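# Observations on the model geometry
Chain by chain, the residues run as shown.
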Amino acid sequence: MSGKLLRFCAVGIAVTGLTTWTSIDAHAAVTYRTVAMTGQQAPGAEPGVTYRLFFSTQIAMNNAGEVAFGAALGGPGVEVSTNGMGLWWEGSGSLGLIARAGQDAPGAGPGVVYTSLSAPLLNNTGQFAFVGGLSGPGVDSTNSDGLWRGTAGSKELVVRNGDPAPGDPGDPSIFPQRGTIRGLSFTTFNDTGQIVFGDIVRLPANLGGTTIDSRIWLEESGSFQLVAQQGDPVPGMGPGVTFRGVGVTAINGAGQVLLSSGFATPEGHVFQGIWTGVPGSLNLVAQTGAQAAGAAPGVDFDVLNSPIFNNAGQTAFWARLVGPGVDDTNDEGLWSEGSGSLGLVAREGDQAPGTGPGVVFGEKFSSITFFGPRINTAGRIAFMGLLSGPSVELTNNLGLWSDGSGSLRLVAREGDPAPGAAVGEVFASVDFPSMNATGQVAFRGRVSGPGVDHTNEDGIWATELDGTLRLIARVGEMFDVNDDPLIDDFRMIQWVGFQNLSGGEDGWRRGFNDAGQLVFQLSFTDGSEGIFVATVPEPGTVAVLGVGVVWVLRRRR
């Protein structure tokens, strides 16, 4: 077994008869592999140049289990400010260098090199994408960032600040900089290689100099389409209604774009909206000032936030309500199109599944009740929520729910026993979930209890297909970083990191794939760090030959 936690348990099974076989429920061990360790030679770098540290926010994985990450380097000739970081990927079958600071940047001109590198994005068809900062001849503040896409062994410049903006830039007397791309942002990436990105232009000084003119682009094979632009007409809204503050976006595997934006009427009234679709054919999902699905007549959406979607174009989002009968005990909810049409998933004031009588979703100790919705390919949803009601205190008022294995159920709650922990140890907090296509959920959490302190309180958990929650790694435990099953190299975990941004089909980085593989970072008390992949097994049965009492010794997860 590769990458092992030093924790065992024995399971005793009594059977009789020399030829008796007994089937038992089995939870196989979580398996691990090591992707990279600090101190190892960095592929593509000069001899003696090694990984010095990893960036937990720059780790991604696809459905093939391939990992990409950013790392800082150390060794001969390495200067932090010029060539001390890079991006690597397993797409060629082993780790290979994607890009390194100080290297020539393809397509950017002679002598132009990378100075900085953003977190890499991966898709499921062998491609990566990233944003890089530039320096060199002809580089200034107007053209110092670019976006690259590539495969194993090659990469191409997709767009660069200062490039001509395709299409009509608008009135040059109002937005003189609309003719060029500026301020790359909101980059997401799908399985066909399409990229969605935003750029931002500030008004000239004589018009205030601070107002943001934002727009969203879709790129495919060198062709650009404008998705939305501040000041442009909003589809289906009537004359004079224009986009205002074009914002959060994503792209799914079908090439559909998710757009969250404000819009303004000719009378000056400002609303929010969420749209999905393709350039030229955006469809409104929800807007403020309109009837909220599943609520009483006259109850409208008042604020929209945290939209996310899947390959079917189904969205999920948080919203605040306003209208008759709405007060601070029931003015929030989560909505999803996972059932085929927009519907209410959970609302403040509703009984919270898996809790005691009278315990409801509510913000007894906070101004917001629901956080971080995720939606997977089947339209299943996972989210965090706060609680209110009998016996609810700060120590047990936060939980994580999912309908990934059927109906909405509690996955973990503060104050509940933490799987894989000692008796008396309970969850002290849970973090935002990541969700895969099979409905499995993974998250970072913290425990409390007898003997628990900062040296052993944090961990990562994930569910099996049947919803059983498993501990993946925990601070204070010994972990084997050597993939050779015959050679142990146990080190004590000091810190755990996990990327939990996605439901898997929205173009964002993900840390939990559809095969039940989870990528995470560990740092150890000896100063070393590593990136690892854990595979959460499927539950099943084991046939045991009965001869008296059979003891099964397994590594405990």
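Residues numbered from 1 in each chain as written. Predicted model: local features only at pLDDT ≥ 70, side-chain atom pairs only at ≥ 80, totals over all residues. Heavy atoms only, no water.

## Some points on the overall build of the protein
Counting its regular elements, the protein contains one helix and 41 strands. The buried share among the 557 residues of the protein stands at 52%. A separation of at least 24 residues holds for 50% of the contacts in the protein among residues at least 6 apart in sequence. For the protein, the accessible area works out to roughly 21800 Å², and carbon and sulfur atoms hold 54% of it. (Helix = DSSP H or I, 4+ residues; strand = E, 2+ residues; numbered from the N terminus. Buried < 20%, exposed > 50% of the residue type's maximum accessible area, 1.4 Å probe, protein only. Contact = heavy atoms within 4.5 Å. Areas by Shrake-Rupley, 256 points an atom, 1.4 Å probe, with all protein chains shown as cover.)

## As for the sheet that holds strand S38 (residues 517-524)
If you walk across this open sheet you meet the five strands as S3-S39-S38-S37-S36, and the pairing is antiparallel. The open sheet has two edge strands with one neighbour each: strand S3 (31-37) and strand S36 (478-480). Strand-to-strand twist across the sheet, computed as the mean angle between neighbouring axes with direction ignored, equals 50 degrees. The pairing of S38 with strand S39 (residues 529-535) spans seven bridges and is classified as antiparallel. For valine 519, the partnering residue across the bridge sits in S39 and is valine 533. (Pairing = 2+ DSSP bridges. Axes fitted to C-alpha atoms, helices over the stretch in contact; angles between N-to-C directions.)

## Topic: the environment of leucine 97
With respect to the element layout, leucine 97 can be found in strand S7 (residues 96-100). Taking the C-alpha atoms as reference points, leucine 97 and glycine 153, separated by 56 residues in sequence, lie 8.8 Å from one another. If we skip the residues at most four places from it in the chain, leucine 97 touches Pro43, Gly44, Leu87, Trp88 and Gln103.

## Observations regarding the sheet that holds strand S6 (residues 85-89)
Pairing within the open sheet is antiparallel, and its four strands lie in the order S4-S5-S6-S7. Where the open sheet ends on each side, the last strands, each with one partner, are strand S4 (50-61) and S7. For this sheet, the mean angle separating the axes of adjacent strands, direction not counted, is 30 degrees. Where S4 and strand S5 (residues 67-74) come together, seven bridges link them in antiparallel fashion. The residue of S5 that forms the bridge with alanine 60 is alanine 68.

## Focus on the side chain of serine 402
Relative to the elements of secondary structure, serine 402 occurs in strand S29 (residues 398-402). A polar atom in the side chain of serine 402 sits 3.4 Å from the backbone oxygen of isoleucine 381. (Polar contact = N/O pair within 3.5 Å; in protein donor to acceptor, adjacent residues only side chain to side chain.)

## Considering the packing of aromatic side chains
Summed over the entire model, instances satisfying the criterion amount to 31 aromatic pairs. An angle of 80 degrees between the planes, with centres 6.5 Å apart, marks the rings of tyrosine 32 and phenylalanine 520 as edge-to-face. You can see tyrosine 32 sitting in strand S3 and its partner phenylalanine 520 sitting in strand S38, a full 488 residues away along the chain. The pair formed by tyrosine 32 and phenylalanine 520 is uniform in burial state, with each residue classed as buried. Judged by centre distance (5.0 Å) and plane angle (80 degrees), the rings of phenylalanine 301 and tryptophan 335 are edge-to-face. (Phe/Tyr/Trp six-rings, centres within 6.5 Å; stacked < 30°, edge-to-face > 60°.)

## Re the side chain of asparagine 513
Following the sequence through the fold, asparagine 513 ends up in the loop between strand S37 (490-498) and S38. A residue is classified by how much of its surface remains accessible, and asparagine 513, at 0% relative accessible area, is buried. Within the structure, the side chain of asparagine 513 is placed 2.8 Å from the side chain of glutamine 517, a separation counted as a polar contact.

## Some details on the pattern of salt bridges
Two side chains bearing opposite charge may form a pair once their charged atoms approach each other closely. One pass over the structure, following the stated rule, counts 14 salt bridges. With a shortest N-O distance of 2.7 Å, arginine 474 and glutamate 425 are connected by a salt bridge. Residue arginine 474 is found in strand S35 (residues 469-474), and its partner glutamate 425 is found in the loop between strand S30 (409-413) and strand S31 (426-430); the two are separated by 49 residues along the sequence. Glutamate 425 shares its class with arginine 474; the two are buried. Taken together, the salt bridges that share partners define one network made up of Arg444, Arg446, Glu457 and Asp458. (Salt bridge = Lys/Arg side-chain N within 4 Å of Asp/Glu carboxyl O.)

## Some words on the environment of phenylalanine 128
Assignment of secondary structure puts phenylalanine 128 in strand S10 (residues 128-135). Phenylalanine 128 sits in the buried class, given a relative accessible area of 3%. Each C-alpha atom of the pair phenylalanine 128 and glycine 150 lies 5.4 Å from the other, and the pair is 22 residues apart in sequence.

## Brief notes about the pairing of strand S12 (residues 154-160)
Strand direction decides the pairing type here: strand S11 (residues 145-151) and S12, joined by six bridges, are antiparallel. Following the sheet pairing, glycine 146 is matched in S12 by arginine 160. In textbook terms, the turn of a hairpin is the stretch between consecutive antiparallel strands, and for S11 and S12 this stretch comprises two residues, one of which, glycine 153, has a positive phi near 95 degrees.

## Details of the confidence of the model for the protein
In this model, the protein carries an average pLDDT of 87, and 87% of its residues clear a pLDDT of 70 or more. Every residue in residues 171-176 is under pLDDT 50, and counting partners more than four places away or in other chains gives seven contacts. Low pLDDT, under 50, characterises residues 541-557; the predicted model gives this stretch 74 contacts beyond four residues in sequence or across chains. (pLDDT = per-residue confidence, 0-100.)

## Looking at unusual backbone geometry
Positive phi is not limited to glycine here, since serine 221 has a value of about 50 degrees. With respect to the helices and strands, serine 221 occurs in the loop between strand S15 (212-220) and strand S16 (223-229). On the basis of relative accessible area, serine 221 is assigned to the exposed category, the value being 69%. Its identity as a non-glycine residue notwithstanding, serine 306 has a phi of 55 degrees, on the positive side.

## Describing the nonpolar core
Proteins that are soluble and globular tend to have nonpolar side chains buried together. In this structure, Ile472, Phe479, Leu518, Phe520 and Leu522 are the most contacted members of the largest nonpolar core, which totals 22 residues. Within the residue set of this core, elements represented by two or more residues are S3, strand S34 (458-463), S35, S37, S38 and S39. Here this core gets four residues from one element, more than from any other, and that element is S38. The contacts of leucine 518, once residues within four sequence positions are left out, are Met61, Ala442, Ile460, Ala462, Ile472, Phe498, Gly511, Phe512, Phe532, Val533 and Ala534. (Core = buried A, V, L, I, M, F, W, Y, C linked by side-chain atoms within 4.5 Å.)

## Some thoughts on the environment of serine 405
If you trace the backbone, serine 405 turns up in the loop between S29 and S30. With a relative accessible area of 43%, serine 405 lands in the partly exposed category. Distance from serine 405 to glycine 467, taken between C-alpha atoms, is 6.4 Å for residues 62 residues apart in sequence.

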